[in-house]
Amino acid sequence: MIPLPWNVYEQVVPTIHAQLGVQQWIDMYQHCQFNTFDNYRRWYESAHIVSAQQMYCSCRYFCKEYICKHLVGLKILYGIHKLPNDRLPLGKKTQRTT
């Protein structure tokens, strides 16, 4: 995560399939350098803007559900949201045997 230069409360979170570096993504966002739709799509799929202060994320899941893992993670990082002790430690899921 990298904060946006003009707003420290908004973070840029790269995606798994990032095709651009974060600094290049910020430069394109700042100057709207989209020559083609494919160029825009490549930019859009490379990172998300997450704001814990305004409770906003630019990912597709947030647009449908109004909550996403990016926002929850940022809220936990800033101490806005506390997890109960029985939910810690975070990590890979373990298989339950019945």
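Residues numbered from 1 in each chain as written. Predicted model: local features only at pLDDT ≥ 70, side-chain atom pairs only at ≥ 80, totals over all residues. Heavy atoms only, no water.

Focus on the nonpolar core
Logical step 1: In terms of nonpolar packing, the biggest core is built from ten residues, these being L4, V12, L20, V22, W25, I26, M28, W43, A47 and I49.
Logical step 2: Those elements that place two or more of their residues in this core are α1 (22-31) and β3 (47-51).
Logical step 3: The biggest single contributor to this core is α1, with four residues.
Logical step 4: Those residues in contact with A47, other than ones at most four positions away along the chain, are V12, V13, P14, T15 and W25.
Logical step 5: Counting residues in hydrophobic clusters, the runner-up holds nine residues, among them A52, C59, F62 and L71. (Core = buried A, V, L, I, M, F, W, Y, C linked by side-chain atoms within 4.5 Å. Buried < 20%, exposed > 50% of the residue type's maximum accessible area, 1.4 Å probe, protein only. Helix = DSSP H or I, 4+ residues; strand = E, 2+ residues; numbered from the N terminus. Contact = heavy atoms within 4.5 Å.)

Some words on the environment of F34
Logical step 1: If you trace the backbone, F34 turns up in the loop between α1 and α2 (37-44).
Logical step 2: Not counting the four nearest positions on each side in its chain, F34 is found in contact with M28, N39, Y40 and W43.

Observations concerning the UniProt feature "domain: SWIM-type" (unreviewed entry) in the chain
Logical step 1: The sites that carry the UniProt feature "domain: SWIM-type" (unreviewed entry) are, in the present numbering, residues 48-79.
Logical step 2: Helix makes up 50% of residues 48-79 and strand 19%, with an end-to-end C-alpha separation of 21 Å. (UniProt positions renumbered as here; feature names shortened; annotations may be inferred.)

A word on helix α4 (residues 69-78)
Logical step 1: Where α4 is concerned, the buried positions are H70, L71, L74 and K75. For α4, the arc enclosing every buried residue in end-on projection is 130 degrees, short of the 170-degree limit, so these residues lie on one face. Seen from the buried face of α4, the exposed residues on the opposite side, beyond 90 degrees, are K69 and L77.
Logical step 2: Directly beyond the C-terminal end of α4, a positive phi value near 80 degrees is found at G79. (Arc of directions from axis to C-beta.)

Things to note about the pattern of salt bridges
Logical step 1: Summed over the entire model, instances satisfying the criterion amount to three salt bridges.
Logical step 2: The partner of R41 in a salt bridge is D38, and the shortest N-O contact between them spans 3.8 Å. Here D38 and R41 lie together in helix α2, a separation of three residues that amounts to about one turn.
Logical step 3: Among the ionic contacts, a cluster of salt bridges with common partners joins D38, R41, E45 and R60. (Salt bridge = Lys/Arg side-chain N within 4 Å of Asp/Glu carboxyl O.)

Notes on the confidence of the model for the chain
Logical step 1: Residues with a pLDDT of 70 or more make up 81% of the chain, whose mean pLDDT is 79.
Logical step 2: No element of the chain has a lower mean pLDDT than strand β1 (residues 2-4), which averages 72, and none a higher one than α2, which averages 89. (pLDDT = per-residue confidence, 0-100.)

Topic: the layout of surface pockets
Logical step 1: As a volume, the largest pocket reaches approximately 350 Å³.
Logical step 2: Lining the largest pocket are 13 residues, with T15, I16, H48, C59 and H70 positioned closest to its centre.
Logical step 3: Elements that contribute at least two residues to the lining of the largest pocket include exactly β2 (7-14), α3 (60-65) and α4.
Logical step 4: Its residues assigned to classes, the lining of the largest pocket comprises six nonpolar, four polar and three charged. (1 Å grid on protein atoms, 1.4 Å probe; cavity = no way out; pocket = protein on both sides within 12 Å on 5 of 7 lines; lining within 4 Å. Points joined across faces, edges and corners; volume = space filled by probe spheres on them. Nonpolar A, V, L, I, M, F, W, Y, C, P; charged D, E, K, R; others polar.)

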